[in-house]
Amino acid sequence: MEIPETDSEDEMAPGWEERCTADGLVFYAHHTTKTTQWHHPRTNKRKRVTGELPFGWERQITEEGKVFFVDHINHKTTYTDPRLAFAVEESKSLSDLRQRFDSSTTGIQVLHGRDLTGRIAIVTGANCGIGYETARSLAYHGCTVVFACRDLAKGEAAIAQLQKQRPSSSCHALQVDLASLSSVRMFAHTFSVRFDRCDMLVLNAGVFGLPHTLTEDGFETTFQVNHLSHFYLALLLQPLLVRSSPSRVIFVSSESHRYASLVTENISEELLSPSHKSTYTSIIAYCNSKLCNVLMALEMQRRFGEQGINCYAVHPGNVVSSYLSRYWWAYRVLFAVVRPFTKSLQQACATSVYCAASVDISRYGGIYVNNCVPCLPSQASLNSVLANRLWVTSLSMIEHVLGRRAFNMQPLTECNNQSLNDKGKTFSSFTMTNVS
């Protein structure tokens, strides 16, 4: 029987053996002194294992009553609990969290040993690029993944491709057009009818380098697709996320948020969503939308963190060769030139996957993560007054289009017959408190 390999950083001096109790607490036995202790002999930290066995493993008992473990994927057996290979150090604070991954880590590696069977995730823009690799990483480890895509046929084709590699994966495609608030509302309703929980919401889709265009709702496209529609989707699914708690919401942002022009004094609907070409610059629009992502991740944590929802903003990598550059030939050339020096798509999805499913970070929400490491975002993104004003402004813009029925999740056929002045239940969880 083979014993799973453990992290080399956790290697101990000769004579020590790592074991765990039935309830998952790790302890250390010294064969020479015949003593045991809870703290690691080298790091002096306590560790624990998750309640789940790694994907593909099963716990069995011999006729003599001895417990052993079977790896059905690799056809191996061991008397050593395989969860020990993936034990997590107990940390007292975020700064005490040991870094286990970096910029070279892939999404698949982040989830090594995890079994996500029974979990349900939504990934927007999952039919290609970083979104596809995020969805693939989660699906490979047993998670049911909903591909939220504008083009349903492309979403179904992406699932077919994934299932050729992993036939047992559970994936579903649902249509959502982030350039339409009505489409976002329809998606949320359809998802809530078909699924009884949502453990992970990965808000990944985005656009970059667009000329000035307006959506059917009258908003600038970069602003609506990158921020407003994702914000709206998260709010619509908030009751389901609470019911599924502990759950997680991941906003895929960018280091570009540090170059945004938004400040407390100038935030307005016109600045967020320029109505005229003369006041629009594509790169500034993108940077502003990425700042909105970080602001909303931190603000949602303040509002919903105590309800069991952890929210994160992540940076996937610089100039990753994805479909983000498809709107202008110059950007396509730039992305192609730097491709050998940037992350692969599997590496780019690692931070999203880390925040969505890693046990390491499960206790900590409301943070910005880069290269699978929590780090400090821009000063503007930490401004709670700016975040609240963006929250209020965003709610007002959604209500302006859909009326006060915007957050009423009763059957849509009934809602469509209501006027924009409907005074039914709305904003119950999303108060428009103004902070001066």
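Residues numbered from 1 in each chain as written. Predicted model: local features only at pLDDT ≥ 70, side-chain atom pairs only at ≥ 80, totals over all residues. Heavy atoms only, no water.

Side note on the nonpolar core
The condition that has to hold: Buried Ala, Val, Leu, Ile, Met, Phe, Trp, Tyr and Cys residues that are joined via side-chain atoms within 4.5 Å together make up what is termed a nonpolar core. The buried label goes to any residue with under 20% of its type's maximum accessible area, the exposed label to any with over 50%, and the partly exposed label to all in between, with areas taken from a 1.4 Å probe on protein chains only. Strands here mean DSSP runs of E at least two residues long; helices mean DSSP runs of H or I at least four residues long; both are numbered from the N terminus. Contact between two residues is taken to exist if any of their heavy atoms lie within 4.5 Å; hydrogens are not considered.
In terms of nonpolar packing, the biggest core is built from 64 residues, with Ile122, Phe187, Phe191, Leu201, Tyr232, Met300 and Ile398 touching the most fellow members. At 10 residues, the largest contribution of residues to this core is made by helix H8 (residues 282-304). Setting aside anything within four residues of it in sequence, one finds methionine 300 in contact with Phe231, Ala234, Leu235, Phe251, Gly305, Cys311 and Trp391. Listed in part, the 42 residues of the second largest apolar core include Leu116, Tyr132, Cys143 and Ile361.

As for the environment of isoleucine 108
Structurally, isoleucine 108 can be placed in helix H1 (residues 107-110). For the pair isoleucine 108 and glutamine 347, spaced 239 residues apart in sequence, the C-alpha to C-alpha distance is 8.9 Å. Excluding residues that lie within four positions of it along the chain, isoleucine 108 makes contacts with Ser137, Tyr140, His141 and Gln346.

Considering the pairing of strand S2 (residues 26-30)
For a regular strand, side-chain orientation follows a simple rule: the groups alternate between the two sheet faces. Using the following cut-off: Strand pairing follows a simple DSSP-based rule, namely that at least 2 bridges must link the two strands.
A large share of S2 lies buried, amounting to five of its five residues. Burial along S2 is two-sided: Val26, Tyr28 and His30 and Phe27 and Ala29, pointing in opposite directions, are all buried. Alignment of strand S1 (residues 16-20) against S2, held across five bridges, turns out to be antiparallel. Residue pairing in the sheet places tryptophan 16 in a bridge with histidine 30 of S2. Inspection of the sheet shows S2 paired to strand S3 (residues 35-37) by three bridges, in the antiparallel sense.

What to know about the confidence of the model for the protein
A low pLDDT score tells you not to read the predicted coordinates there in detail. Applicable threshold: Per-residue confidence from the predictor is reported as pLDDT, which spans 0 to 100.
For the protein, the average pLDDT comes to 84, and 81% of its residues sit at 70 or higher. Ignoring residues within four places in sequence, the model shows residues 1-9, a span with pLDDT below 50, making 18 contacts including any to other chains. Note that residues 411-428 has pLDDT below 50 and, in this model, 29 contacts with residues that lie over four places away or in other chains.

As for the sheet that holds strand S7 (residues 76-78)
Note the threshold: In this analysis an axis means a line fitted to C-alpha atoms, helices contributing only their contacting stretch, and an angle means the value between N-to-C directions, from 0 to 180 degrees.
Pairing in this open sheet of three strands is antiparallel, and the strands run S5-S6-S7 from one edge to the other. One side of each edge strand has no neighbouring strand; the edge strands of this open sheet are strand S5 (57-61) and S7. Looking at each pair of strands side by side, their axes are set apart by 25 degrees on average, direction ignored. Inspection of the sheet shows strand S6 (residues 67-71) paired to S7 by three bridges, in the antiparallel sense. Residue pairing across strands places aspartate 71 opposite lysine 76, the latter belonging to S7.

Quick look at the side chain of threonine 222
Relative to the assigned elements, threonine 222 resides in helix H5 (residues 221-236). Aside from chain neighbours lying at most four places away, what touches threonine 222 is Val207, Leu210, His227, Tyr280, Ala285, Tyr286 and Ser289.

Quick look at the packing of aromatic side chains
As a reminder, the rule being used: The criterion for an aromatic pair is that two Phe, Tyr or Trp rings (for Trp, the six-membered ring) have centres within 6.5 Å, with stacked assigned to planes under 30 degrees apart, edge-to-face to planes over 60 apart and tilted to the rest. Distance and angle both matter: a charge sits over a ring if NZ of Lys or CZ of Arg is within 6 Å of the ring centre and within 35 degrees of the ring normal.
Counted by the stated rule, this structure contains eight aromatic pairs. Relative to tyrosine 286, the ring of phenylalanine 208 lies with its centre 4.8 Å away and its plane at 80 degrees, an arrangement referred to as edge-to-face. Here phenylalanine 208 is found in the loop between strand S12 (200-203) and H5, whereas its partner tyrosine 286 is found in helix H8, with 78 residues between them in sequence. Of the two residues examined, phenylalanine 208 and tyrosine 286, each falls in the buried class. Members of the aromatic cluster, joined through ring pairs, are Phe187, Phe191 and Phe195. Above the face of the tyrosine 140 ring, arginine 166 is positioned so that its terminal group lies 4.2 Å from the ring centre. Across the ring face of tryptophan 391, the terminal group of arginine 303 is positioned such that the distance to the ring centre comes to 4.1 Å.

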